[in-house]
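Working through the structure, step by step
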Amino acid sequence: METFNFSEPQDITVGKGSLSKLPEIAKKLGGKHALIISGPHLEKMGLVKKAADYLASVDIKADTFTDIEANPSVTTVEKATAKYLESGADFIVAFGGGSPMDVAKAVGVVAKYGGSVTDYEGAHKVPGPIVPLIAIPTTAGTGSEVTAFSVITDHSRNYKLTVFSYEILPKYAILDAELITTAPASVAAACGIDAFIHAEEAYVSTAASPFSDALAEKAMALIGKNIRRFVANRNDIEAAEAMMTGSLFAGIAFSFARLGNVHAMSHPVSAFFDVPHGVANAVLLPVIAEYNALADHGKYLTIYNDIRPISAYADEFEPMMLVDAIRELCTDIGIPENLTIAINNASKNGTVTKEEIESRIEPMAVDAMKSGNIAVNPRASRQCDIEMLYRKAL
Ligand SMILES: [Zn+2]
């Protein structure tokens, strides 16, 4: 066994109805004035106000910033930072799915150290502690509440930049399964499969350790056995709790073990064609699982048994059975059949032509190769392999 190291310096509260712990946690943190960074949907549902009311009950002021789009941009980070600075807040509540989390982390950096989020792109460029964050996810999920990454889209170069630093880990996280019960089925499916892929990629990563494996295995079991139920009925609170806990464990697992080709390749797809993150991952997963099958050393059987209602034994299992089981799962939860359909579904200006997509394959592969996740994918990949995988996924 190779040497491995871990530390989990966060305070995490998990439980149905635990949003009510927000005032207590804000006081523990010593905050007096919050900026709640959230999305327009949660604001409409009155949840942002609910959070602000909880804070008001202990005399903590709260301003809000909710103008956040999917795949949030550098400009959105600038606007939210301006709001934070003019509000006089002293901590941030990141409330929502992956987008508000990513923005909140970036604001936490830029509000403290100045400049633009692009100045902190890459690994370990954040000089020290950032504005304290309380993360409250409302999807299950990105796992962003427990990861040291912020992913922001730079439209000037069609690129999703990543800020990676342990300084941006939220100090506190609150995971309340009641918050995810209002998600539409399509969001529950896309976010749920994304969380599953976090665990799956961490599990087969060459950087996996017994610590990340333990979390990834539990995450895959929780999500794999509950995702269909949860997509079918988001008010199934038992399934919602399993999804939320699974997403949390998957997030910690991939913080340590990193991800793989699915995430390396999905970021350019979202940057070029605005395909939602979870959907882009889901349409790439079967193709990459097939490519990686050659490197499998027994883990595929575990993954298979997590997503199939009936278990298989080692003597009857072949890795291709996992590829088929993944396709079946994606179909069951309503994921588009392939990348071409996903790109067209996401298009705001009509059909995207074959030629248009083809012309993007090389630049997307170039960007995918820049991701650190390629290096820990179980099967080695060159740019030509990535281009082949994109074509196969189309
Ligand atoms: Zn993801």
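Just so you know, these numbers come straight off a predicted model, no measurement behind them. (Residues numbered from 1 in each chain as written. Predicted model: local features only at pLDDT ≥ 70, side-chain atom pairs only at ≥ 80, totals over all residues. Heavy atoms only, no water.)

The next thing to look at is the coordination of the zinc ion. At this site the zinc ion is bound by D194 (OD), H198 (NE2), H263 (NE2) and H277 (NE2), with donor distances of 2.1 to 2.2 Å. Each of the four donor atoms bound to the zinc ion contributes to angles spanning 90 to 166°, and the resulting shape is irregular. Read in sequence order, the donor residues for the zinc ion give the motif D-x3-H-x64-H-x13-H. With a gap of 65 residues between them, H198 in helix α6 (residues 185-204) and H263 in helix α9 (residues 261-273) connect regions that are remote in the sequence. Comparing H198 with H263 shows no difference in burial state: the two are buried. (Donors = N, O, S within 2.8 Å, 3.2 Å for Na, K, Ca; no water. Tetrahedral: all angles 85-135°; square planar, octahedral: opposite > 155°, others 65-115°. Helix = DSSP H or I, 4+ residues; strand = E, 2+ residues; numbered from the N terminus. Buried < 20%, exposed > 50% of the residue type's maximum accessible area, 1.4 Å probe, protein only.)

Moving on, we come to the packing of helix α7 (residues 210-232) against helix α11 (residues 299-307). Two elements in contact, α7 and α11, have axes whose closest approach is 7 Å; the angle formed by their N-to-C orientations is 30°. Contacts from D213, E217, M220, A221, G224, K225 and R228 of α7 reach α11 at K299, T302, I303, N305, D306 and I307. Each residue belonging to the contact of α7 with α11 can be placed in one class, and the counts come to four nonpolar, three polar and six charged. (Axes fitted to C-alpha atoms, helices over the stretch in contact; angles between N-to-C directions. Contact = heavy atoms within 4.5 Å. Nonpolar A, V, L, I, M, F, W, Y, C, P; charged D, E, K, R; others polar.)

Our next topic: helix α8 (residues 237-257). For α8, with 21 residues, the first-to-last C-alpha span of 30 Å sits near the 30 Å given by 1.5 Å per residue. Burial within α8 is extensive, with 15 of its 21 residues counted as buried. Phi for R258, located one or two positions after α8, is positive at around 65°. (Expected span 1.5 Å × (residues − 1).)

Further remarks concern unusual backbone geometry. Residues other than glycine seldom take positive phi values, yet N71 does so here, at roughly 50°. Relative to the helices and strands, N71 resides in the loop between β3 (61-65) and α4 (74-87). Residue classification places N71 among the buried positions, given a relative accessible area of 11%.

Time to look at the nonpolar core. I193, V275 and Y390 are the most contacted members of the largest nonpolar core, which has 89 residues in total. At 11 residues, α6 tops the list of elements feeding residues into this core. Each of domain 1 (11-180) and domain 2 (185-393) gives at least three residues to this core. Excluding residues within four positions of it along the chain, Y390 makes contact with M265, P268, V269, L284, L339, I361, M364, A365 and A368. If you look at the next biggest cluster of nonpolar residues, it comprises 31 residues, including V77, A80, V117 and Y159. (Core = buried A, V, L, I, M, F, W, Y, C linked by side-chain atoms within 4.5 Å. Domains from an automatic or database assignment.)

All right, on to the UniProt feature "domain: Alcohol dehydrogenase iron-type/glycerol dehydrogenase GldA" (unreviewed entry) in the protein chain then. When the UniProt feature table is mapped onto this chain numbering, "domain: Alcohol dehydrogenase iron-type/glycerol dehydrogenase GldA" (unreviewed entry) sits at residues 9-176. With 32% helix and 26% strand, the stretch residues 9-176 has end C-alpha atoms that lie 20 Å from each other. (UniProt positions renumbered as here; feature names shortened; annotations may be inferred.)

This next bit is on the packing of aromatic side chains. Counted by the stated rule, this structure contains seven aromatic pairs. Where F149 meets F164, the ring centres are 4.9 Å apart and the plane angle is 20°; that geometry is what we call stacked. Taken together, the residues span a long stretch of sequence, with F149 in strand β7 (residues 149-154) and F164 in strand β8 (residues 159-164) at a distance of 15 residues. Grouping residues by exposure puts F149 and F164 together as buried. When the ring of F211 is compared with that of F256, the centres are 5.2 Å apart and the planes differ by 90°; the resulting orientation is edge-to-face. Residue F211 is located in helix α7, and its partner F256 is located in helix α8; the two are separated by 45 residues in the primary sequence. According to the relative accessible area criterion, F211 is buried, its value standing at 18%. Ring-pair connections join several aromatic residues into one group, and the members of that group are F4, F6, F211 and F256. (Phe/Tyr/Trp six-rings, centres within 6.5 Å; stacked < 30°, edge-to-face > 60°.)

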